[in-house]
Amino acid sequence: MKSKSVNKVSASENTFPDAAFRKSSMSGRFDGNSNCVEVAIVADAIGVRDSKDRTQSPLRFSRSEWIAFIKGVKAGEFDVQ
């Protein structure tokens, strides 16, 4: 799988309201640490941000990029060997 460049969302383009972000219910389940990435799905864009530093602009992905990522996760493409 070829990697694509990642576009950061600038403050003026930030279309992800705080209320749209959600954290996995698995966050903190294994190590007691609730820090995690948070994901927001708004219209045709997906935002991903670090829950420890919400002041940083989220990463922005298209729906097709996000679907390719999820398919790769499910297929084990990112498993640690």
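Examining the pairing of strand S4 (residues 45-50)
Link 1 in the chain: Of all 6 residues in S4, 5 are buried; the element is thus mostly enclosed.
Link 2 in the chain: Here strand S3 (residues 37-42) runs beside S4; their pairing, made up of 6 bridges, is antiparallel. When the sheet's bridge partners are listed, Val39 is paired in S4 with Val48.
Link 3 in the chain: Once S3 ends, the chain turns through 2 residues before running back antiparallel as S4, passing Ala43 with a positive phi of about 55°.
Link 4 in the chain: The sheet contact formed by S4 and strand S5 (residues 59-62) spans 4 bridges and is antiparallel. Bridge assignment links Ile46 to a residue of S5, and that residue is Phe61.

Things to note about the confidence of the model for the chain
Link 1 in the chain: For the chain, mean pLDDT is 80; residues scoring 70 or higher make up 75% of the total.
Link 2 in the chain: Across the chain, the secondary-structure element scoring lowest on mean pLDDT is strand S1 (residues 7-8), at 48, and the one scoring highest is helix H1 (residues 63-74), at 95.
Link 3 in the chain: Low pLDDT (under 50) marks residues 1-5, which in the prediction has 5 contacts with non-local residues, meaning those over four places away or in another chain.
Link 4 in the chain: Residue range residues 7-12 is modelled with pLDDT below 50. Its contacts to residues more than four positions away, or to other chains, number 14 contacts.

Rules of the game
- Residues numbered from 1 in each chain as written.
- Predicted model: local features only at pLDDT ≥ 70, side-chain atom pairs only at ≥ 80, totals over all residues.
- Heavy atoms only, no water.
- Buried < 20%, exposed > 50% of the residue type's maximum accessible area, 1.4 Å probe, protein only.
- Helix = DSSP H or I, 4+ residues; strand = E, 2+ residues; numbered from the N terminus.
- Pairing = 2+ DSSP bridges.
- pLDDT = per-residue confidence, 0-100.
- Contact = heavy atoms within 4.5 Å.

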